[in-house]
Each structure stands twice: as C-alpha cells, then as structure tokens.
Amino acid sequence: MSMYGRDPWGGSLEINAADSATDDDRSRNLNDLDRAALSRPLDETQQSWLLGPAEQKKKKKYVDLGCIIVSRKIFVWTVGSIVAAALLVGLITVIVEAVPRHRHNHTPADNYTLALHKALMFFNAQKSGKLPKHNNVSWRGSSCLSDGKGKQGSFYKDLVGGYYDAGDAIKFHFPASFAMTMLSWSVIEYSAKYEATGELNHVKEIIKWGADYFLKTFNSSSDTINTMVAQVGTGDTSGGSTTPNDHYCWMRPEDIDYERLVTECSHCSDLAAEMAAALASASIVFKDNKAYSQKLVHGARTLFQFARDQRGRYSERGSEAAIFYNSTSYWDEFVWGGAWLYYATGNNSYLQLATNPGIAKHAGAFWGGPDYGVLSWDNKLAGTQLLLSRLRLFLSPGYPYEEILRTFHNQTSIIMCSYLPIFTKFNRTRGGLIELNHGRPQPLQYVVNAAFLATLYSDYLEAADTPGWYCGPNFYSTDVLRDFAKTQIDYILGKNPRKMSYVVGFGNHYPKHVHHRGASIPKNKIRYNCKGGWKWRDTTKPNPNTLVGAMVAGPDRHDGFRDVRTNYNYTEPTIAGNAGLVAALVALSGDKTTGIDKNTIFSAVPPMFPTPPPPPAPWRP
C-alpha cells in the first residue's frame, strides 16, 4: 500500500525516493556544486553583475562653531528649521491680526441686578463698630467702640457692632432682626442668583455681621435666659429735652461722644422670637460651617424659649421703642420663629407650635382686616404663611399638619389675589404704586416686601410644576405675579410720574438730600459737636457723600416727593426697608429659569412619612 500526502492545492503528493536522501548526502552534493562554481575565473562583466559598482567613500564635512564641532548637514538642517519656524509663526501672527475679531458679547446686566449691587452697599454704610478694611464706603469709619462697655455685673461684655437703623445712630434690635431674617431667606432661596451676580459672599458677610452682634445681646452660651438687650442708643426728644442723644444731635457716628444708653427687657416675646428667626435662618445660610451654624441654632433655641416663657411685648409699658417701632403683637413672631426653627433643626415640636390653630388664630391667620397680607417689620404673618405653604408644596407632610397647612396655602393664594390690580383690596396711586399702608407715609418698605413674596410664590408654583393659582373661579398664570412685582420695583427704580429713582445712586435722577447724618456731613477732618452739625442738617445743599443703594421712605399717595433732608417721611432709609428691596431685586434678577433652591431649606428636616390618622372608634350596635 503506497503512502500519499495531501496536496493542499487539490492533488495527491507522492513521496519520492529522492526526497528521502539523508542530510549528509545533501551536504556533500552542495559542497561539490560550490567547488565547481568557484573553479571558473570571473571576467569583469560577470564581476560587475555580481558585485555591482565599486563603492567610493564620501568624506564627511564639519562646521566649527568655536565651542563645538558639528556635522555641516546637521547644522544646515537645524538653522533651516529655525528659520522656517520663525517664518511660519510670523505668517500666523499676520493672519490672526488681519482677521476681524468676533468678541463674545455677554448679555448686559438687567436693572434689577445693577440695583442689587447698590442696595447691598447700603448695609456697609450702616455698620457700627470697628469696620473691616474692605468695607468700601470711603466716608465711613469705625464708630461707637464703647457701646455696652463698663457696666459691671451685666450679662453682656460689650455691644460693639451691629447696624445703625436709619439716618441716626440708634441700634433697634427688633427691625434689625427682621432685616437679617429677610436677607437670609433670600439667600436660602436664591443662592444661585447671588452667585451669578458675584454678591453671594458679600450678602453672607452682611448677615454674619448682624448675627455676630445679636449673639452679644443676650447670654448666648446659656440654655436659659431671663433678659436681653432691646436697643442701644436713644432718640426721645419729647417735652423739649435738650439732652444729647442720637436724635437731638446731628453728628457723624465716628464723632459721637455722649453716653449711649442700653435698653434691656425681660418680657419681650416679639423681639426674642424675631431674633430667634434671624439666627435660625442664618444657621441655614451658614450650614457648611458646622460649628458656627450650631452656635446660631443654640442661640435661636435659647431666645425662643425665653420668648415663650416670659410673655410680653417689648414695646409696652411706655418704652421708647413704642415711639419708633411699636410691636402690635407677638403671636405672629411665635409662628414665624417656630417655622424657622423647624427648618433649622428638623425638630417637630417647632412645627407643631407653628401649625397650632390657636396660635395662628391669635396671629390673625383666619381673618382679614385692612392690613391683612402686608409683610413688615411688625407683622410677619403673610411671610409665615408663605414659608409654611412651601412645606406643603414640596414635602406634603400629611396628617396631622395637612389641614392647617392647606389653610395657610389658601390664605397665601388670597393674599396674592389682593395684590393684583383687578381687585380693590388696596388702592394704587395714579403712577401705579400699590398703597399697602393705605396712603400713610413711608410706603416703599411694604411694597418691596410684597414684590418679594409675589415673585417667590410664583417661583414656588413653577418649581412645583403648577402653572398658576385661582382667585375665586378665575385662574391666573404665575407670570401675573411676576409682572406685579416688576411694575412695583420698576416704579421704585424710576418708572414713575417724577421719573425719579428712589434708590440712591441708581440712574441719573435720585434723592440728593437723604435724611442721614453720616452722608450729610463732609469728610473734612473737622469734628462737629452735637449742635455743630445742625448746619449740615438744615442746609439746602446736596449731601456731600452719596449713600449708595439706600432706598428712601418714598413718595406720597399722589406720587409726590419732596427731596428735603429734614422731612424723614420722604427721605429717610432704613435697613428693614433695604432688606426687602434686596430680596425683591435678587428674586427678579437674572434668568427666570434659574428659579429657587428647592432643597437647602430642608437640609435639617428628616424624611417625612405621613402619620396615619387615628383609627375610628370601635363600632357598637
């Protein structure tokens, strides 16, 4: 049987005998072939075929550079490359310079953003105490560095710092606490907008300046207190008193040399609860600074407990506060402070208090009245109802809170309806300014608060994917609320019959005789005493210093305005008013799509699982 291999190309492959020769045989055959080939001499032609042309060695050339000798070829290549690169760079530069540049034009800042920058500067001008180097108000300096010092056995070490309330040098803690709460609320809701305008760090520094001072006004390291400071300075000039004080004298704060009285109170539920709200809201603003935030929360708890334990209005019993900032009730501060403490701590006991129907009834939540829906330093009810409606919109805690939260939500909707021009709850001036204080003086502080609430409620509804709300049978879009806020703020910024901006430094036409001691006295290194500054108070010349960002008290009910320094009902600004202005401006500023921060305010709130209602009584036949 023959053996075949498999030809990969398709045929059979026979193994021949010749292929089976041994390696030794093949080697001998090759050697014989080699000897035969070499035995014949090769002629020139054959040699040229086999060997090719004879190789001639080229002599390398070098260039002597003095310190080094290099190949000429490498030298030429190097120099040539450098020259070519230089020409290429030059050509590219010429082309770039010749081509017209298309710069990216950023969208110019809107009026609300421009006004916001200025409105915040007013707080820098109102600072008391040792001013930071970056305060950026050239005509202001450190002042009242002896406030609260020297009293033996007191619960405070010093009362240096804080903010002057208005055009004088009194530190009223009640409206100041409201101002800081409003600023904190605006930061919690609109931190992204503050960031976009470059003002987030600035506004937080303003809030911290106030919060640090508040911690000095009571024993903030204690769990319980029985007294606190209500104000520093005095302004009572009734009965023709000529005793130097912060209203009788017209002096720069830096030049004050008279004694500044400290007013304490032991029954001041409204003040304590409002300051608790300020510290609690600030603790959310500074939640990333855990130690400081906890310090603020502890102070807020202490104050709120004091407010609840020792009931009373801080402005009663003939106190000076009754003349300037009289509080009508402390029930609204209970609900307001309780709501903020709940958001700051997540402790349900505060929510139970804030949603207690009895307390809400005392605060006026279930009845109207001419001032219902007006948020101010005195009455926080409108703000509180919106703040608690937020809880229902986004967390929906259910039983046992749902019924009262639904009531607050409905009341908030009614308040928003009352702001609209088609309803007659509030009159308007011919120029379009809503008269929330019914034609009384100093209207703008109430208008800015309403503009903030309207814009915020609009953003709440947008964030909850709700296009609007009902006023009776009629449905209104959220844009209607924003338009209301815009018309009011636009009026303040100059879109009014007088074409005057009521924010100092904004636009070309604004009040030049602001009722403000520091702004009205030139920085001329001359120290004017108590009566010596009267000539600056009474002069008809414009203020030598521009009080940038100050929102004055505002026009009268006929859109009239008298730019007179001595008429504070037209020309005096306040920190409470400016806080509402700042809040409204940041809410309206920038891109509407930015909206609110839905979650930060709930950072301390634990997950909410609705409590089931109690089971029905057992059936009995």
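The structure this text deals with has already been given above.
Note that the structure is predicted; figures quoted are calculated from it, not measured.

Q: How should the overall build of the chain be read in this particular structure?
A: On a plain count of helices and strands, the chain comes out with 20 helices and nine strands. A buried classification covers 49% of the 621 residues belonging to the chain. Partitioning the contacts of the chain with sequence separation of at least 6, the portion at a separation of at least 24 is 73%. Accessible surface computed for the chain: about 31,700 Å², of which carbon and sulfur atoms make up 55%.

Q: What am I meant to see in the sheet that holds strand β5 (residues 171-172) here?
A: Remark on secondary structure: sheet strands pair via backbone hydrogen bonds, oriented parallel or antiparallel. Within the open sheet, the three strands sit side by side as β5-β6-β7. Their pairing is antiparallel. Across the chains shown, the open sheet's two edge strands, defined by having one partner strand only, are β5 and β7 (262-265). Where β5 lies against strand β6 (residues 228-232), two bridges are found, and the strand directions are antiparallel. Within β6, the position partnered with Lys 171 by the bridge is Val 232. Packing of helix α7 (residues 269-285) onto the sheet brings it into contact with β6 and β7, and relative to β6 it is tilted by some 90°.

Q: Explanation requested: the packing of helix α8 (residues 290-309) against helix α10 (residues 331-345) in the structure shown.
A: Relative placement of two packed helices is described by the angle separating their axes and the distance separating the axes. One way to put it is that α8 packs onto α10 with a least axis distance of 11 Å and a crossing angle of 150°. Put simply, α8 runs roughly antiparallel to α10. α8 and α10 meet at a crossing whose hand is left-handed. Side by side, α8 and α10 meet where Val 297, Ala 300, Arg 301, Phe 304, Ala 307 and Arg 308 of the first sit next to Glu 333, Phe 334, Gly 337, Gly 338, Leu 341, Ala 344 and Thr 345 of the second.

Q: What's the story with the layout of surface pockets in this structure? I'm lost.
A: Sizing a probe to match a water molecule and rolling it over the atoms shows the empty space that remains. One number sums up the size of the largest pocket: a volume of about 1,200 Å³. At the level of secondary structure, the elements contributing two or more residues to the lining of the largest pocket comprise α9 (321-324), α13 (381-394), α15 (444-463), α19 (568-571) and α20 (575-588). When the residues that make up the lining of the largest pocket are grouped by side-chain class, the tally is 24 nonpolar, 17 polar and eight charged. Here the second largest pocket defines a volume of roughly 300 Å³. Taken together, 20 residues make up the lining of the second largest pocket; nearest its centre are Ser 146, Asp 147, Gly 148, Glu 259 and Arg 260.

Q: Help me understand the nonpolar core, please; the structure alone is not making it clear to me.
A: Nonpolar side chains tend to gather and get buried jointly when the protein is soluble and globular. Membership of the largest hydrophobic core comes to 164 residues, with the highest contact counts inside it found for Trp 185 and Trp 340. Listed in part, the nine residues of the second largest apolar core include Tyr 164, Ala 169, Cys 249 and Tyr 258.

Cut-off values and rules
Residues numbered from 1 in each chain as written. Predicted model: local features only at pLDDT ≥ 70, side-chain atom pairs only at ≥ 80, totals over all residues. Heavy atoms only, no water. Helix = DSSP H or I, 4+ residues; strand = E, 2+ residues; numbered from the N terminus. Buried < 20%, exposed > 50% of the residue type's maximum accessible area, 1.4 Å probe, protein only. Contact = heavy atoms within 4.5 Å. Areas by Shrake-Rupley, 256 points an atom, 1.4 Å probe, with all protein chains shown as cover. Pairing = 2+ DSSP bridges. Axes fitted to C-alpha atoms, helices over the stretch in contact; angles between N-to-C directions. Parallel < 35°, antiparallel > 145°, perpendicular 65-115°, else oblique. Left-handed = near helix turned anticlockwise from the far one by under 90°. 1 Å grid on protein atoms, 1.4 Å probe; cavity = no way out; pocket = protein on both sides within 12 Å on 5 of 7 lines; lining within 4 Å. Points joined across faces, edges and corners; volume = space filled by probe spheres on them. Nonpolar A, V, L, I, M, F, W, Y, C, P; charged D, E, K, R; others polar. Core = buried A, V, L, I, M, F, W, Y, C linked by side-chain atoms within 4.5 Å.

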